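Structure at a glance
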Amino acid sequence: MGWRGRLGVVLCLAALWAGGLAAADEEGNQDESLESKTLSAEDQVKDHSTGTRVVAGQIFLESGKSDSQLEDEENFHSQEEEKENSLEELNSLEMSNLLNKDLEEAEIQSPVLTAIGGTADGEPCHFPFLFMEKEYAECTADGREDGRLWCATTYDYKKDQKWGFCETEEQSNKRRQMQEAEDVYQTGMKILNESSKKAQKKEAYQYLLKAADMNHTKAMEKVSYALLFGDYLKQNIQSSKELFEKLTEEGSPKGQMALGFLYASGLGVNSSQAKALVYYTFGALGGNLIAHMILGYRYWAGIGVLQSCESALTHYRLVANHVASDISLTGGTVVQRIRLADEVENPGMASGMLEEDLIQYYQFLAEKGDVQAQVGLGQLHLHGGRGVEQNHQRAFEYFNQAANAGNSHAMAFLGKMYSEGSDVVPQSNETALQYFKKAADMGNPVGQSGLGMAYLYGRGVPVNYELALKYFQKAAEQGWVDGQLQLGSMYYNGIGVKRDYKQALKYFNLASQGGHILAFYNLAQMHATGTGVMRSCHTAVELFKNVCERGRWSERLMTAYNSYKDGDSNSAVVQYLLLAEQGYEVAQSNAAFILDQKASIVGENETYPRALLHWNRAASQGYTVARIKLGDYHFYGFGTDVDYETAFIHYRLASEQQHSAQAMFNLGYMHEKGLGIKQDIHLAKRFYDMAAEASPDAQVPVFLALCKLGVIYSLQYVREINIREIFSHIDMDQLLGPEWDLYLMTIIALLLGTIIAYRQRQHQAIPRPAGLRPAVPQQEPPPEHQPPQ
């Protein structure tokens, strides 16, 4: 009998013995089995649902039971513990022997590699084996020119000459092909990562294309996305779809997520939200963060699924954990959110991008020794953004120049760079500490915060929570977000101070107002768990969503914008559509804006309905222009039927929630014309006046609209009144006096005289017709005065 059989017998005997003892208990316990006394933690909670409460994972009895009941239960549980202990004592030695035997059997039954061909075909490989005075613990290709893996079936190959292949010839060819593909892929990735020139990146993708043709999974992922977005390869949706389908068959989460995106947006396939949801779910189960983010947004907004705040919280929290773990001391990259609609409608409005001429001007000032320009350019290159690529080398050079000139801000940022370390700046706590101290001594909040971090974590100095708290407080008092964040963390965790969630919440809120990602993350955790605040799933999801949108994938916002500026609308709209799926409001509005302009990648009949869909999603996230666009689409019938009532609802929402002057003006017009609402000239005037008050730009169109409204009102008033009836009620003798007719005749006579005099003066001023004057013969000028021909 095997050990499992013997163990089963022992357990059966123990169960029967325990059952016999349990039969002597009270009648109420007769039906209980041994298993009911050894429930899992989850089952215990379910079992104690009546008459108990669960607090912090522990079960507390309510006071409803009598003392005798409690004593009986305690006695019963003590008896059960004694039985279990005795059973353990009886069988501990036997169980240990059985388990040891099982381990031995498992070792024997583990799969053994068998030699194929050679001199020992069918014999098991022997590991380790000795070959050329070297021991091998696995198959090797050493000593063979064809690269096939082999093994020895005895320890000493030289002595016994017993060997065989570890793989068939087909397996060997496949392995060598994959190795070749890996080498090509690595070559392409090396060029791609080390180069910033477009031509070299295109060359890198040629290597990746070759590796993808050899079925290299990672190469196929890179190439498929490049074909989808038109990154360094010509955009080809159909080819990318085929690669995504192939990757999906191989179980690639990236391929599954991308195929879900194609079905969601209807690119290259017929749109199917059900299929999109399936592929997104598989991608998320495979660990794809973008798929998790998309599912989080879909559950939050109720797109294709039932709206569920808790499900959205689960997905967003998982992604936010990864994003927060990537945030360094120097901070993450800056997310540049540029709305194309705002740029077109307000050309003079700053988009946040720095013009090339302006950057060159700052560079000129920095070269001339302008410290502020050096610090500003250093920060731009450190974090990236506003049209400037992240470049730690340039940032270090600018900070170094400003620090040498005595600028405390530059010293502090140099300290941050040394504290974090990078390819350009080697990590050095000692150097960082020197710069932080210099900056802190000059009262710089960045330096004070950095010094606080050094004392908090013992970087270059012994850990000292009191000094850390002191420096964080100094930095927080000057409004520096890092100081506020760390101060909140100390109060939250009770490090160096008494734990105080209210103080933690205060400082996290202050840091979040400065835009610190980790402050949003900490606030989200507090609202998700109800720590220091009332639990709010909705608030937690919004905060986690904010954190998720600061991830590395946000860099594609700038890539899409640059593609649009370069005239490649198709590439831009696909990138914006993927970001829109992830819940970026700016991407939703930009995708709708490009579709509104009839993007060629989508069928002509589908542009307005798709644009309407994304305007709707952007409007639900609070974007005013999108809400007005929804009203316009329903007013004019773009992508939907003409529906004045729905248009009126959207305009009213934009007016009430965002105080939009455009929406107020449109509401005035609809009241004036009676479109979707009962005609009311008084309400029309009220909305026109509100629009003029809301925006100075609306004053001229409002003035013209009011003039038109005044004329319409006057005509309407005249139409409504009875002139004869009014004159019949007027007593001219009482109004103008008894001699009113003489006054009227005098006025009429004066008017007639004025008209006659004016007409006579006109007749005198009119010249005679040319035919009544004598003709004067025209003489030709002398030849010398004739104009040249």
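Residues numbered from 1 in each chain as written. Predicted model: local features only at pLDDT ≥ 70, side-chain atom pairs only at ≥ 80, totals over all residues. Heavy atoms only, no water.

Concerning the overall build of the protein
As a reminder of what qualifies: To qualify as a helix, a DSSP run of H or I must reach at least 4 residues; to qualify as a strand, a run of E must reach at least 2; elements of each kind are numbered from the N terminus. Here the term buried applies to any residue with accessible area under 20% of the maximum for its type, exposed to any over 50%, and partly exposed to those in between, with areas from a 1.4 Å probe on protein chains only. Throughout, a residue-residue contact means that at least one pair of heavy atoms, one from each residue, lies within 4.5 Å. Reported accessibility uses the Shrake-Rupley method at a 1.4 Å probe radius. Residues are deemed covered only where the shown protein chains occlude them.
Across its full length, the protein carries 36 helices and 6 strands. Going through the 789 residues of the protein one by one, you find that 39% of them count as buried. Looking at the protein alone, contacts between residues at least 24 apart form 49% of all its contacts between residues at least 6 apart. Accessible surface computed for the protein: about 45,800 Å², of which carbon and sulfur atoms make up 52%.

A look at unusual backbone geometry
With an omega dihedral of -5°, the bond running from Phe127 to Pro128 counts as a cis peptide bond. Considering the arrangement of structural elements, one finds Pro128 in the loop between helix H3 (67–109) and strand S3 (129–131). For Asn215, which is not glycine, the phi dihedral falls at a positive 65°. Of note, Asn215 is situated in the loop between helix H6 (198–213) and helix H7 (217–229).

Structural notes on empty space enclosed by the protein
Inclusion rule: Definitions used for this entry: grid spacing 1 Å over protein atoms alone; cavity, a set of points where a 1.4 Å probe fits but cannot get out; pocket, an open set with protein on both sides within 12 Å along at least 5 of 7 lines; lining residue, one with an atom within 4 Å of a point. Grid points are joined across faces, edges and corners, and a volume is the space filled by probe spheres set on the points. Following the grouping adopted for this structure description, the nonpolar residues are Ala, Val, Leu, Ile, Met, Phe, Trp, Tyr, Cys and Pro, the charged ones are Asp, Glu, Lys and Arg, and the polar ones are all others, Gly among them.
Taken as a whole, this structure holds 2 cavities of 30 Å³ or more when the rule is applied. Contributing elements (two or more residues each) for the lining of the largest cavity: helix H18 (429–441) and helix H19 (445–457). In terms of residue count, the dominant contributor to the lining of the largest cavity is H18 (4 residues). Class assignment for the residues of the lining of the largest cavity results in 6 nonpolar, 3 polar and 1 charged.

Let's talk about the packing of H19 against helix H21 (residues 481–493)
Keep this limit in mind: What counts as an axis is a line fitted to C-alpha atoms, over the stretch in contact for a helix, and the angles between N-to-C directions run from 0 to 180 degrees. Each angle receives one of four descriptions, namely roughly parallel if under 35 degrees, roughly antiparallel if over 145, roughly perpendicular if within 65 to 115, and oblique otherwise. Helix crossings are classified by the rotation of the near helix relative to the far one: an anticlockwise turn of less than a right angle makes the crossing left-handed, while a clockwise turn makes it right-handed.
Running from N to C, H19 and H21 point in directions that differ by 30°, and their axes come no closer than 9 Å. When the interaxial angle is binned, H19 and H21 end up roughly parallel. Judged by the sense of rotation from one axis to the other, the crossing of H19 with H21 is left-handed. Mapping the contact onto sequence places Ser449, Met453, Leu456 and Tyr457 in H19 and Asp482, Gly483, Gln486 and Met490 in H21.

Focus on the packing of aromatic side chains
Our working definition: Classification of ring pairs uses Phe, Tyr and Trp, with its six-membered ring standing for Trp, and accepts pairs whose centres are within 6.5 Å; under 30 degrees between planes counts as stacked, over 60 as edge-to-face, and the remaining range as tilted.
For the structure shown, the criterion picks out 29 aromatic pairs. On the numbers, 5.8 Å between centres and 85° between planes, the contact of Tyr608 with Tyr633 is edge-to-face. With a gap of 25 residues between them, Tyr608 in helix H28 (residues 607–620) and Tyr633 in helix H29 (residues 624–636) connect regions that are remote in the sequence. Judged by its relative accessible area of 1%, Tyr633 falls in the buried class. Ring centres of Tyr633 and Phe638 lie 5.8 Å apart, and the angle between their planes is 85°; this geometry places the pair in the edge-to-face category.

A few points about the confidence of the model for the protein
Convention followed: The predictor's confidence in any single residue is recorded as pLDDT, a number from 0 to 100.
The pLDDT averaged across the protein works out to 79; a share of 76% of its residues lies at or above 70. Scored below 50 in pLDDT, residues 1–109 shows 48 contacts in the model against residues more than four places distant or in partner chains. Counting interchain partners and residues more than four positions distant, the pLDDT-below-50 stretch residues 769–789 has 1 contact.

Description of the side chain of Asp231
Put simply, the rule reads: Polar contacts, as used here, are pairs of N or O atoms within 3.5 Å; protein pairs need one atom able to donate a hydrogen and one able to accept it. Residues neighboring in sequence count only if both atoms are side-chain atoms.
Position of Asp231 among the secondary structure elements: in the loop between H7 and helix H8 (237–249). At 3.3 Å, the side chain of Asp231 and the side chain of Arg556 are in polar contact. Aside from chain neighbours lying at most four places away, what touches Asp231 is Tyr205, Ala226, Arg556 and Thr559.

A few points about the nonpolar core
As a reminder, the rule being used: Put simply, buried Ala, Val, Leu, Ile, Met, Phe, Trp, Tyr and Cys residues joined by side-chain atoms within 4.5 Å make one nonpolar core.
Counting 149 residues, the largest nonpolar core has Phe261, Tyr316, Tyr576, Ile594 and Trp615 as its most contacted members. When neighbours within four sequence positions are excluded, Phe261 is seen to be in contact with Leu228, Leu267, Tyr280, Val574, Leu577, Leu578 and Glu581. Of all hydrophobic cores here, the second largest spans 12 residues; its members include Cys125, Ala152, Tyr157 and Cys166.

Topic: the pattern of salt bridges
The cut-off we apply is this: Put simply, a salt bridge is a Lys or Arg side-chain nitrogen that is within 4 Å of an Asp or Glu carboxyl oxygen.
If you walk through the whole model with that rule in mind, you get 17 salt bridges. Glu555 is the salt-bridge partner of Arg552, the closest N and O atoms lying 3.4 Å from each other. Put simply, Asp689 and Lys685 hold a salt bridge, and the shortest N to O gap is 2.8 Å. Within this pair, Asp689 and its partner Lys685 are both found in helix H32 (residues 681–694), separated by 4 residues, close to a single helical turn. Of the residues examined, Lys685 reaches a relative accessible area of 42% and is grouped as partly exposed. One salt-bridge network, in which partners are shared between bridges, spans Arg298, Glu581 and Arg617.

Digging into the state of the cysteines
We count it as follows: In plain terms, two cysteine sulfur atoms within 2.5 Å form what is called a disulfide here.
Counted under the stated rule, the structure contains 3 disulfides. The disulfide partner of Cys139 is Cys166, and the gap between their sulfur atoms is 2.0 Å. Here Cys139 and Cys166 share a disulfide; its torsion about the S-S bond, -90°, makes the bridge left-handed. One end of the pair, Cys139, is in the loop between strand S4 (134–136) and strand S5 (150–152); the other, Cys166, is in the loop between strand S6 (163–165) and helix H5 (169–194), and 27 residues separate them in sequence. Each member of the pair, Cys139 as well as Cys166, is classed as buried. Disulfides within the protein link the bonded cysteines, taken in sequence order, as 1-3, 2-4, 5-6.

Some words on the packing of helix H27 (residues 585–596) against H28
Closest axis-to-axis distance for the H27/H28 pair is 8 Å, and the angle between their directions is 155°. It follows from the interaxial angle that H27 and H28 lie roughly antiparallel. Like other packed secondary-structure pairs, H27 and H28 cross with a definite hand, here left-handed. Contacts from Glu585, Gln588, Ser589, Ala592, Phe593, Leu595 and Asp596 in H27 reach Thr607, Tyr608, Arg610, Ala611, His614, Trp615, Arg617 and Ala618 in H28. Of the residues contributing to the contact of H27 with H28, the split by class is 7 nonpolar, 4 polar and 4 charged.

Considering the environment of Glu123
Among the secondary structure elements, Glu123 is positioned in the loop between H3 and S3. Along the backbone, Glu123 and Thr153 are 30 residues apart, and their C-alpha atoms lie at a distance of 6.5 Å. Once residues within four sequence positions are removed from consideration, Glu123 is found in contact with Leu113, Thr114, Ala115, Thr153 and Lys162. At 3.4 Å, the side chain of Glu123 forms a polar contact with the side chain of Thr153.

Section: the side chain of Glu549
For Glu549, the location among the structural elements is in the loop between helix H24 (537–548) and helix H25 (556–565). When near neighbours in sequence (up to four residues on either side) are disregarded, Glu549 contacts Met293, Val335, Arg337, Ser554, Gly583 and Tyr584.

Comments concerning H19
Condition: Residue count minus one, scaled by 1.5 Å, sets the expected span of a helix.
Helix length check: H19 (13 residues) gives 18 Å between terminal C-alpha atoms against 18 Å at 1.5 Å per residue, within 8%. The buried count for H19 comes to 12 of 13 residues, which makes it a mostly enclosed element. Residues of H19 that are buried include every one of Pro445, Val446, Gly447, Gln448, Ser449, Gly450, Leu451, Gly452, Met453, Ala454, Tyr455 and Leu456, and no others. Buried residues belonging to H19 abut helix H17 (408–420), H18, helix H20 (465–477) and H21. Capping the start of H19 is the job of one residue whose side-chain oxygen sits 2.9 Å from the backbone nitrogen of Val446: Asn444. Just downstream of H19 lies Gly458, where phi reads positive at about 70°.

Thoughts on helix H10 (residues 273–285)
Inclusion rule: Here, the arc refers to the directions that run from the helix axis to the C-beta atoms.
Taking 1.5 Å per residue as the helical rise, H10 with its 13 residues ought to reach 18 Å, and the 18 Å between its terminal C-alpha atoms agrees with that figure. Those residues of H10 not exposed but buried are Ala276, Tyr280, Gly283 and Ala284. The arc that holds every buried residue of H10, seen down its axis, measures 95°, which confines them to one face. In this structure, H10 carries Ala274 and Leu285 as exposed residues pointing more than 90 degrees from its buried face. Buried-residue contacts for H10 involve helix H9 (253–265), helix H11 (289–301) and helix H26 (569–581). Once H10 ends, the next one or two residues include Gly287, with phi positive near 95°.

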